Amino acid sequence: MAAMGRKHLVKDFNHFITCYLCRGYLIKPTTVTECLHTFCKSCIVQHFEESNDCPKCGIQVHETNPLEMLRLDNTLEEIIFKLVPGLREKEEQQELEFWKKNQPKENGQENLRCLPDGGAAGGAAADDDGDGGEDGDYHRSDPQIAICLDCLHNTGQSGESTVTDLMKRFIRCSSRVTVGTIKKFLSLKLKLPSSYELDVLCNGEIMGRDHTLEFIYMTRWRLHGENTYPMVLEYRPRIDFG
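What you are looking at is a predicted structure, and each value in this text was computed from that prediction instead of being measured.

So, the overall build of the protein
Each helix and strand counted, the protein has six helices and nine strands in total. Split into buried and exposed, the 242 residues of the protein put 38% on the buried side. Surface exposure of the protein reaches about 14300 Å², of which carbon and sulfur atoms provide 49%.

Some points on the sheet that holds strand β2 (residues 38–40)
Spatial strand order, β2-β1-β3: three strands in an open sheet with antiparallel pairing. In the strand order of this sheet, the two ends are held by β2 and β3 (70–72), each with one partner. Taken over all neighbouring pairs, the strand axes of this sheet differ in orientation by 35° on average, direction set aside. As paired strands, strand β1 (residues 29–32) and β2 are joined by three bridges and run antiparallel to one another. Note that in β2 the partner of Thr 30 across the bridge is Phe 39.

Re the nonpolar core
Grouped together as the largest cluster of nonpolar side chains are 29 residues, with contacts concentrated most on Ile 147, Leu 149, Ile 182, Leu 213, Met 231 and Leu 233. Contributing elements (two or more residues each) for this core: β5 (144–151), β6 (170–174), α5 (179–189), β7 (198–202), α6 (213–221) and β9 (231–237). If you look at the next biggest cluster of nonpolar residues, it comprises 21 residues, including Ile 17, Leu 26, Met 69 and Leu 70.

Some thoughts on the side chain of Glu 77
Tracing the chain through its elements places Glu 77 in helix α3 (residues 74–83). Look past the residues within four positions of Glu 77 in its chain and what remains in contact with it is Lys 28 and Pro 29.

Let's talk about the environment of Gln 46
Summarising the element assignment, Gln 46 is placed in helix α2 (residues 41–47). For Gln 46, a relative accessible area of 52% gives the class exposed. Expressed as a C-alpha distance, the spacing of Gln 46 and Thr 219, which sit 173 residues apart in the sequence, is 9.3 Å.

Brief notes about the pairing of β5
Among the eight residues in β5, seven count as buried, and that is most of the element. Sheet topology note: the β5/β6 ladder contains five bridges and is antiparallel. Bridged to Ile 147 within β6 is Ile 171. Where β5 lies against β9, five bridges are found, and the strand directions are parallel. Bridge pairing links Asp 150 to Glu 234 in β9.

Rules used in this analysis
Residues numbered from 1 in each chain as written. Predicted model: local features only at pLDDT ≥ 70, side-chain atom pairs only at ≥ 80, totals over all residues. Heavy atoms only, no water. Helix = DSSP H or I, 4+ residues; strand = E, 2+ residues; numbered from the N terminus. Buried < 20%, exposed > 50% of the residue type's maximum accessible area, 1.4 Å probe, protein only. Areas by Shrake-Rupley, 256 points an atom, 1.4 Å probe, with all protein chains shown as cover. Pairing = 2+ DSSP bridges. Axes fitted to C-alpha atoms, helices over the stretch in contact; angles between N-to-C directions. Core = buried A, V, L, I, M, F, W, Y, C linked by side-chain atoms within 4.5 Å. Contact = heavy atoms within 4.5 Å.

Here's what the structure looks like:
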């Protein structure tokens, strides 16, 4: 009975919830699928800028692109936030300050607003405090990111004439917005048929519809030293390689 009533301290679990690289608590725990070792997302992405090997066991993760072998562990993240009081709030505040510091001044930018499916960009409703203003700006208080949406011409596709440049190419939205939401936004602004499919690319690579803007910025855009802010995403009619 005494054993059943024993209380465990957070430090008892530190071996399982701390990062091998920074020695802090795992933030956005990201697992290497080749060896199943887990690190902070930012730590392992930065490590893979210099090496293709796992920093803990030394196994080669991938010959050319080790970032493809990373998977976020959302379950572990929730466990850590429950174990460590105040960690979630601290990280959200630091993330918000980061995006504020790296956000350019507004210059003809447009905010992502409510989409036809009834959900706001980033999956949130209007703020209760009414800060949205009279223009119906419903994006939530997530960390914000500015992006530029460029139409990719000369693809040789029959539907190219249907896909044109946006009147306002620069938008500001939650960093948690997904590529799927960006596609809905483009379809709405370009008045495309519901059956029309688009590709969204970053640095020439097609992005998956579940990729968030934060993930693309951290793993695709920022890694190219010559890239500047804001992040540029290109869109074109979907190319069927099948």
